[in-house]
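# Examining the three-dimensional arrangement
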Amino acid sequence: MAAEGTDLPKPRHVAIIMDGNGRWALGQGRPRSHGHQAGGEALKRVIEACLKRRIPYLTVYAFSSENWRRPAMEVRRLMELFLSALNREVRRLHEAGVKLRFSGDLSAFNAALRNGMLRAEHRTRNNTRLTLNVAVNYGGRAEIVAATRRIAAEVAAGRLQPDDIDEQTVARNLILGSLPEPDLFIRTGGEQRLSNFLLWQLAYTELYFCDVLWPDFGESHLDEALAAFAGRERRFGGVTARRA
Ligand code: IPE
Ligand code: IPE
Ligand code: MG
């Protein structure tokens, strides 16, 4: 698909599991954290590409609630990378019109990282070109549990009737809130699973898996995914005009 200005169906919201950093590094005989660093560069390329293609929403999985199971050294390096990326990149993202949001349980991070995320969100809150949701310490099941608790508390306080709970009530309490649901999901690195990412929000998202390891992912791979998306027929449970 051409980069800009075509009439082909284009996703408004792309969600990505950026997977394969560790294997990329090990393939070069380097430590896994080297792959995470290169993965950060790939994310910068993809953000640029989304801005250029006028895709208004991008959600990326940077750290899952299960990734704490990794060796302490790898987790520590990841946290350092997140912090240095915040310090280095937020100004440039802000100038490019990117609105940053960090979704997940931020309370598990140290104060410097947590405050850096909150400051970045505050600084970029009025930007409108691209909303970049970064899922960190995020798990799809945990977020559904947290939403259920909040809704139950509303009911217990008498502010909400059980019969008034609908899909919007649940969706509002999840990380993407009122944003449009992802149209296109991409997972790099060859695995074909969701790994607890956006379990509710991906109900009707088009799924695209590719073998490219995330640090190698670039503009041309994004365009391949967009071209695949443009060729999909989304029916949302209905029938196409052709077959009606
Ligand atoms: C994804 O790459 C990045 C994070 C989970 C933080 P991986 O680190 O999972 O890379 P592989 O899958 O082991 O190659
Ligand atoms: C999913 O990848 C999480 C991120 C990319 C941040 P994982 O590498 O953690 O997933 P599994 O373990 O292969 O399912
Ligand atoms: Mg992985």
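Keep in mind the model is a prediction, meaning the values are calculated, not measured.

### With respect to the site of ligand 2
- The environment of ligand 2 is made up of Ile 17, Met 18, Asp 19, Tyr 61, Ala 62, Phe 63, Asn 67, Arg 70, Arg 187, Arg 193 and Ser 195.
- In the environment of ligand 2, an oxygen atom lies 3.2 Å from a nitrogen or oxygen atom belonging to the side chain of Arg 70.
- Protein chains shield 78% of the accessible area of ligand 2, which is 390 Å² for the free molecule.
- Ranked by the residues each element gives to the shell around ligand 2, the list is headed by strand S2 (residues 57-64), at 3 residues.

### Digging into the site of ligand 1
- Around ligand 1 sit Met 18, Asp 19, Gly 20, Asn 21, Gly 22, Arg 23, Arg 32, His 36, Ala 62, Asn 67, Arg 70 and Leu 78, and that is every residue in its neighbourhood.
- One nitrogen or oxygen atom from the main chain of Asn 21 is found 3.1 Å from an oxygen atom belonging to ligand 1.
- Here an oxygen atom of ligand 1 and a side-chain polar atom of Arg 70 are 2.7 Å apart.
- Protein chains bury 87% of the 380 Å² of accessible surface belonging to ligand 1 in isolation.
- Elements that contribute at least two residues to the shell around ligand 1 include exactly helix H1 (21-27) and helix H2 (32-52).
- A total of 3 residues in the shell around ligand 1 trace back to one element, the largest contributor, which is H1.
- Classifying every residue of the shell around ligand 1 gives 3 nonpolar, 5 polar and 4 charged.

### A few points about the pattern of salt bridges
- On inspection of all chains with the given rule, the structure shows 21 salt bridges.
- With a closest N to O distance of 3.0 Å, Arg 232 and Glu 206 form a salt bridge. Separated by 26 residues along the polypeptide, Arg 232 in the segment after helix H7 (219-230) and Glu 206 in strand S6 (residues 206-209) bring together distant segments of the chain.
- Taking relative accessible area as the criterion, Arg 232 reaches 31% and is therefore assigned partly exposed.
- Judged by relative accessible area, which is 14%, Glu 206 ranks as buried.
- Here Glu 233 and Arg 235 are joined by a salt bridge, their closest N and O atoms 2.3 Å apart.
- The class for Glu 233 is partly exposed, based on a relative accessible area of 30%.
- Overlapping salt bridges bring together Glu 41, Lys 44, Glu 48, Arg 88, Glu 89 and Arg 92 as one network.

What counts, and at which threshold
- Residues numbered from 1 in each chain as written.
- Chains lettered and ligands numbered in written order.
- Predicted model: local features only at pLDDT ≥ 70, side-chain atom pairs only at ≥ 80, totals over all residues.
- Heavy atoms only, no water.
- Near = heavy atom within 4 Å.
- Polar contact = N/O pair within 3.5 Å; in protein donor to acceptor, adjacent residues only side chain to side chain.
- Areas by Shrake-Rupley, 256 points an atom, 1.4 Å probe, with all protein chains shown as cover.
- Helix = DSSP H or I, 4+ residues; strand = E, 2+ residues; numbered from the N terminus.
- Nonpolar A, V, L, I, M, F, W, Y, C, P; charged D, E, K, R; others polar.
- Salt bridge = Lys/Arg side-chain N within 4 Å of Asp/Glu carboxyl O.
- Buried < 20%, exposed > 50% of the residue type's maximum accessible area, 1.4 Å probe, protein only.

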